[in-house]
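Chains, contacts and geometry: an overview
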Amino acid sequence: MTAFGADMPPFSELAHGVRRLVAPNPSMMTGPGTNTYLLGQRQVAVIDPGPSIVEHIENILEKSTGSIRWIVATHTHPDHSPGVALLADRTGAEVLGIAAPAGKQQDRSFAPSRTLADGDVLETAEFALEAVHTPGHASNHLCYRHVGLNWLFTGDHVIDGSTVVINPPDGNMQHYIQSLQRCRGLACAALAPGHGEVIKDPARAIDWIIEHRLEREAKVLAAVDANPGLTTRELVPVVYKDVHAKLHNLAERSLLAHILKLEADGVAQQENGRWRRLI
Ligand SMILES: [Zn+2]
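Heads up: these notes are all about the structure in this document. (Residues numbered from 1 in each chain as written. Predicted model: local features only at pLDDT ≥ 70, side-chain atom pairs only at ≥ 80, totals over all residues. Heavy atoms only, no water.)

**Some words on the overall build of the protein chain**
Looking only at helices and strands, the protein chain has six helices and 14 strands in total. The globule rule puts the C-alpha radius of gyration for 279 residues at 19 Å, and the 19 Å found for the protein chain is close to it. C-alpha extents for the protein chain along the principal axes are approximately 60 × 35 × 35 Å. Counting only residues that meet the buried cut, the protein chain has 52% of its 279 residues in that class. Long-range contacts, defined here as pairs at least 24 residues apart, represent 58% of the contacts in the protein chain between residues at least 6 apart. Summed over all atoms, the accessible surface of the protein chain reaches about 12,400 Å², with 52% contributed by carbon and sulfur. Side-chain charges in the protein chain split into 25 positive and 31 negative, and the spacing between the mean points of these groups amounts to 3 Å. (Helix = DSSP H or I, 4+ residues; strand = E, 2+ residues; numbered from the N terminus. Rg over C-alpha atoms; globule rule 2.2 N^0.38 Å. Buried < 20%, exposed > 50% of the residue type's maximum accessible area, 1.4 Å probe, protein only. Contact = heavy atoms within 4.5 Å. Areas by Shrake-Rupley, 256 points an atom, 1.4 Å probe, with all protein chains shown as cover. Lys, Arg positive; Asp, Glu negative; His and termini not counted. Charge placed at Lys NZ, Arg CZ, Asp CG, Glu CD.)

**Thoughts on unusual backbone geometry**
Of the consecutive residues P168 and P169, the connecting peptide bond is found in the cis state with omega at 10 degrees. In this structure, P169 sits in the loop between β11 (151–155) and α3 (173–185). Positive phi is not limited to glycine here, since D48 has a value of about 55 degrees. Locating D48 in the fold gives a position in the loop between β4 (43–47) and α1 (54–63). Residue class for D48 comes out buried when judged on its relative accessible area of 1%. Although it is not a glycine, A187 sits at a positive phi angle of roughly 45 degrees.

**A closer look at the pairing of strand β12 (residues 190–193)**
Both faces of β12 are covered, namely the face carrying A190 and A192 and the face carrying L191 and P193. Pairing geometry for β11 and β12, over four bridges, is parallel. In the sheet register, L152 faces β12, and the bridge partner there is L191. This β-α-β element, β11 to α3 to β12, shows right-handed connectivity. (Pairing = 2+ DSSP bridges. Right-handed = clockwise from strand over helix to strand, strands pointing away.)

**Quick look at the coordination of the zinc ion**
Ideal geometry at a metal centre gives angles of 109.5 degrees when four donors are arranged tetrahedrally and 90 or 180 degrees when six donors are arranged octahedrally. Coordination sphere of the zinc ion, protein contribution only: H75 (NE2), H77 (ND1), H137 (NE2) and D156 (OD), at 2.2 to 2.3 Å. Every donor counted, the four donor atoms about the zinc ion form angles of 86 to 171 degrees at the centre, which fits irregular coordination. The motif formed by the donor residues of the zinc ion, counted along the single chain, is H-x1-H-x59-H-x18-D. Of this pair, H75 sits in the loop between β5 (67–72) and α2 (83–91) while H137 sits in the loop between β9 (128–133) and β10 (142–146), and the two are 62 residues apart along the sequence. Judged by its relative accessible area of 1%, H75 is buried. (Donors = N, O, S within 2.8 Å, 3.2 Å for Na, K, Ca; no water. Tetrahedral: all angles 85-135°; square planar, octahedral: opposite > 155°, others 65-115°.)

**Details of the nonpolar core**
The biggest cluster of nonpolar side chains holds 21 residues, and the ones touching the most others in it are L39, I47, L129, Y144, W151 and F153. Breaking this core down by element, the ones donating at least two residues are β3 (35–39), β4, β5, β9, β10, β11 and β12. Within the second largest apolar cluster, 20 residues are counted, among which are I166, C188, I206 and I210. (Core = buried A, V, L, I, M, F, W, Y, C linked by side-chain atoms within 4.5 Å.)

**Quick look at empty space enclosed by the protein**
Overall, the coordinates contain two cavities of 30 Å³ or more when judged by the stated rule. The computed volume of the largest cavity comes to approximately 40 Å³. Tallied by class, the residues present in the lining of the largest cavity amount to five nonpolar, three polar and one charged. When its volume is computed, the second largest cavity comes out at roughly 30 Å³. Around the second largest cavity, the lining residues are N35, Y37, I47, D48, T74, F153, T154, G155, A192, P193 and G194. Among the elements of the structure, β3, β11 and β12 are those that each provide at least two residues to the lining of the second largest cavity. With three residues, the top contributor of residues to the lining of the second largest cavity is β11. Tallied by class, the residues present in the lining of the second largest cavity amount to five nonpolar, five polar and one charged. (1 Å grid on protein atoms, 1.4 Å probe; cavity = no way out; pocket = protein on both sides within 12 Å on 5 of 7 lines; lining within 4 Å. Points joined across faces, edges and corners; volume = space filled by probe spheres on them. Nonpolar A, V, L, I, M, F, W, Y, C, P; charged D, E, K, R; others polar.)

**Observations concerning the layout of surface pockets**
Computed from the structure, the largest pocket encloses a volume of approximately 1,300 Å³. Forming the boundary of the largest pocket are 37 residues, of which M29, V164, V165, I166 and L250 lie nearest the centre. Within the residue set of the lining of the largest pocket, elements represented by two or more residues are α4 (202–226) and α6 (248–264). Of all the elements, α6 adds the most residues to the lining of the largest pocket, at five residues. Considering only residue class, the lining of the largest pocket consists of 16 nonpolar, 14 polar and seven charged.

What follows is the structure, encoded as structure tokens:
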């Protein structure tokens, strides 16, 4: 994978009728910024308007050659959907996606006029866009497949050059791996992620992510096996030997995601918060 945060132009035409704007919110978590995609020339669908930044919303309006008919969100984390309300106010477009689940780090301002389900299709004379439910990074995460191009707009399910945070309980590693396998099965020509460049070799990129996650899972299981009876917190320095103590809180969330998958798979079990291997 390429380095996260590689040079990205603020505006690009990626394919016929597919344009991308990068929101001005670069950071360690968002890379160059959140990608906003504009599909279609006459009736436009906007995917992920990003955070609520007036300048970015103005940019979306300026770069939309036609009228904006739909605004769709991949999920409701704060770098993806808060711009929806502002753009909807300016355009009267229909807002589509799945409302925020309970929990922290969720955009409660996101109010879909229609809740999308797996397999729903938005269709114009120019394109058809199919919703693909991909829980894992977030329980309400949807990818969108451009049927004609067979491109998948992946939000934070797959991003370019980095791995995404799986933060339980809304983040779920077992669902994440299943959703990755599902996307792999779509045999898409390209992945257009929520952060970073277009991924031209989806099978290789998805295989890399699955492999990387399963490798980490094997390390977690080996640590539980060698140190039965430790809590999740106590396992952190065992599994993440290479990670600075400053980052142990974040590492603990990730470790919890792996160990809850092992529990769901019937491989590990906890008693009073202490983990042990079962098989
Ligand atoms: Zn996210």
